[in-house]
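# Notes for the structure review
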Amino acid sequence: MDYLIGGGHRLNGEVTASGCKNAVLPLLAASVLTDEPMVFCNCPDIADVRNMLLLLQATGKHTDFCDGSITVSGKASNNLLPAALCARLRGSGLLLGSLLAKTGGASLPQSGGCAIGDRPMDIHIDGLRALGAEVSERKGICCRGSIAGGRYRLRMPSVGATENLLCAAAACVHPVTLENCAVEPEVEQLQQVLQSMGAEITGMGTSTVTVRGGRLHGCSAEVIPDRIECATYLATCAAVGGKVTVKRCVPRHLGAFLPLMKGRFHIEEGQDCITICSDGVFEGFGYISTAPYPGFHTDLQQITAALAAVACGKTVIVENMFENRLTHNASQLALMGANITVRGRRAEIFGSKLHGACVTAADLRGGAALVTAALAAKGQSRVRCANHILRGYENFEQKLSRLGADIRAIED
Ligand code: EPU
């Protein structure tokens, strides 16, 4: 699927943030830990969620997705995950910890996700081994055994590894302490849900977390709003001009992004909404360097680069999390007339006027960023391979259209 986009139309109105992709995926993985029903509301209907449900079904779980609510029930009995499904999303790897804890084993033939760089799973593997599991890496990742408890310090605060180890620990009767954990809001939501399932967790939302697990039961939870989706609409309005309110969001979850925007645009922050006013004319962002939460989020790096491409003046962006997340989009922005130079993980951008062009999305966030750039450019653009965007954004084109964007999906 491609998007045909007419640039230069201001955005106005309200848009509601959907539930967060990166929160719901680990919650679905955690549902393997109990045979009792788990109910999640505010779930986004996006490709990654649909594929995660197929993976759960492959384990033997029943799933039902209706009106934004997902119910997962039944018993996981098959712990060999199908390779083709695993390859569709990075979130497949999140099933390792809970399947191991529930069934005594787990086999992940391969993991997928966006092509944004080498995405090793050494911390997941090292952590599971340190806590007592046997892990082999001959055909993908195969774990066996049980979690014996203990203490483990993550080499770096990996979101996925923290989530995997939390799920593995939640079914273990011996205490597990994890140090140098990721502290993203999505990780904290997983901790809250594991606690509602019966695990006792101390240090929630901090970098040192102790889990005392055991027999877990079902529960229900509302998925937190998607902070990246929220920031995407704010950034797009900033780039093209207009006034947009993003409803049902959590402003503090936006980390370093919101202060950056407040320095250049008129922003009103409510308890669960953010309004931005922009005339489309703004200064470059100086120096931005991506970092784990609450630092500047790597998932917002590409859209910030698109904004910087139409700003007045210079922006330097350093991508510290995923080595390939700068290059592709930089080349596509250049096709639209952007003045952007990439050396390794560093991009130097001098704002200019963009013109319409045919560009290609190579990953989810990068694809959304190219749409932002196309909406800010003069003339028509075509964003090819826009299916990447549907992995993570619910009703993307409809939400933008309702704000006044000229965007239309066509089959390529
Ligand atoms: N890393 C390792 N070894 C590991 C795990 C991670 O070296 O075992 C490195 C990665 O290569 C990367 C850094 O650690 O350099 C951070 O990776 P992390 O594990 O935190 O990322 P992830 O769990 O694979 C999640 C999100 C990503 C988001 C990152 C960073 C999900 C399903 N994915 O990925 O979201 O960019 O955290 O916040 O939660 C997206 O939504 O488009 C997306 C890519």
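Residues numbered from 1 in each chain as written. Predicted model: local features only at pLDDT ≥ 70, side-chain atom pairs only at ≥ 80, totals over all residues. Heavy atoms only, no water.

If you look the protein chain up in an unreviewed UniProt entry, it shows as UDP-N-acetylglucosamine 1-carboxyvinyltransferase from Candidatus Fimimonas merdipullorum. In its Catalytic activity (unreviewed entry) section, UniProt records this for the protein chain: "phosphoenolpyruvate + UDP-N-acetyl-alpha-D-glucosamine = UDP-N-acetyl-3-O-(1-carboxyvinyl)-alpha-D-glucosamine + phosphate". Looking at the protein chain in UniProt, the text filed under Sequence similarities (unreviewed entry) is "Belongs to the EPSP synthase family. MurA subfamily." (UniProt positions renumbered as here; feature names shortened; annotations may be inferred.)

Attention now goes to the sheet that holds strand β13 (residues 220-222). Here we have 4 strands laid out as an open sheet, ordered β4-β5-β3-β13, and mixed in their pairing. Sheet topology places β4 (62-66) and β13 at the edges, where each strand pairs with a single neighbour. Taking each pair of neighbouring strands and ignoring which way they run, the sheet shows an average axis angle of 15°. (Pairing = 2+ DSSP bridges. Helix = DSSP H or I, 4+ residues; strand = E, 2+ residues; numbered from the N terminus. Axes fitted to C-alpha atoms, helices over the stretch in contact; angles between N-to-C directions.)

So, about the site of the ligand. What surrounds the ligand is a group of 24 residues, the closest being Asp 122, Ser 158, Val 159, Asp 299 and Met 321. Within the contact set of the ligand, an oxygen atom lies 2.8 Å away from a backbone nitrogen or oxygen of Ile 123. The separation between an oxygen atom of the ligand and a polar main-chain atom of Gly 160 is 2.8 Å. Protein contacts shield 93% of the accessible area of the ligand, which totals 830 Å² for the unbound molecule. (Near = heavy atom within 4 Å. Polar contact = N/O pair within 3.5 Å; in protein donor to acceptor, adjacent residues only side chain to side chain. Areas by Shrake-Rupley, 256 points an atom, 1.4 Å probe, with all protein chains shown as cover.)

With that out of the way, let us pick up the pattern of salt bridges. All told, the structure shown has 20 salt bridges when counted by the stated rule. Across the pair Arg 151 and Glu 179 runs a salt bridge, and its minimum N-O distance is 2.8 Å. Placement of the pair is Arg 151 in strand β9 (residues 150-153) and Glu 179 in strand β10 (residues 176-179), with a sequence separation of 28 residues. On the basis of relative accessibility, which here comes to 56%, the residue Arg 151 falls in the exposed class. Taking the shortest distance from any N to any O, the salt bridge between Glu 348 and Lys 314 comes out at 3.8 Å. Taken as a pair, Glu 348 in strand β20 (residues 346-350) and Lys 314 in strand β18 (residues 314-318) lie far apart in primary sequence, 34 residues in all. On the accessibility criterion, Glu 348 (24% relative accessible area) is partly exposed. (Salt bridge = Lys/Arg side-chain N within 4 Å of Asp/Glu carboxyl O. Buried < 20%, exposed > 50% of the residue type's maximum accessible area, 1.4 Å probe, protein only.)

Across the sheet, 3 strands lie side by side as β6-β8-β7; this open sheet has antiparallel pairing. Since the sheet does not close on itself, it has two edges, and those belong to β6 (105-108) and β7 (134-136), each with one partner. Each neighbouring strand pair of the sheet contributes to a mean axis angle of 10°, computed without reference to strand direction. Where β7 lies against strand β8 (residues 141-144), 3 bridges are found, and the strand directions are antiparallel. Each bridged residue has a counterpart across the sheet, and for Glu 134 the counterpart in β8 is Arg 144.

Another aspect to go through is the environment of Gly 8. With respect to the element layout, Gly 8 can be found in the loop between β1 (2-6) and β2 (11-16). Measuring from C-alpha to C-alpha, the distance between Gly 8 and Ser 136 comes to 54 Å, with 128 residues separating the pair along the chain. Setting aside anything within four residues of it in sequence, one finds Gly 8 in contact with Leu 375 and Ala 377. (Contact = heavy atoms within 4.5 Å.)

Turning to its location among the elements, Ala 291 is positioned in the loop between β17 (286-289) and α10 (301-309). The sequence separation of Ala 291 and Val 193 amounts to 98 residues, and the corresponding C-alpha distance is 26 Å. Not counting residues within four places of it along the chain, the set of residues in contact with Ala 291 comprises Phe 296, His 297 and Met 321.

Here Ala 76 shows up in the loop between β5 (69-73) and α3 (83-86). Residues Ala 76 and Cys 312, 236 residues apart in the sequence, show an inter-C-alpha distance of 55 Å. When neighbours within four sequence positions are excluded, Ala 76 is seen to be in contact with Val 32, Thr 59, Lys 61, Leu 99 and Thr 103.

This brings us to the packing of aromatic side chains. In this structure the tally under the stated criterion is 6 aromatic pairs. An angle of 50° between the planes, with centres 6.3 Å apart, marks the rings of Phe 257 and Phe 296 as tilted. Of this pair, Phe 257 sits in helix α9 (residues 257-262) while Phe 296 sits in the loop between β17 and α10, and the two are 39 residues apart along the sequence. Taken individually, Phe 257 and Phe 296 each receive the classification buried, so the pair is uniform in this respect. An angle of 50° between the planes, with centres 5.0 Å apart, marks the rings of Tyr 393 and Phe 396 as tilted. Side by side, Tyr 393 and Phe 396 carry an identical accessibility label, which is buried. (Phe/Tyr/Trp six-rings, centres within 6.5 Å; stacked < 30°, edge-to-face > 60°.)

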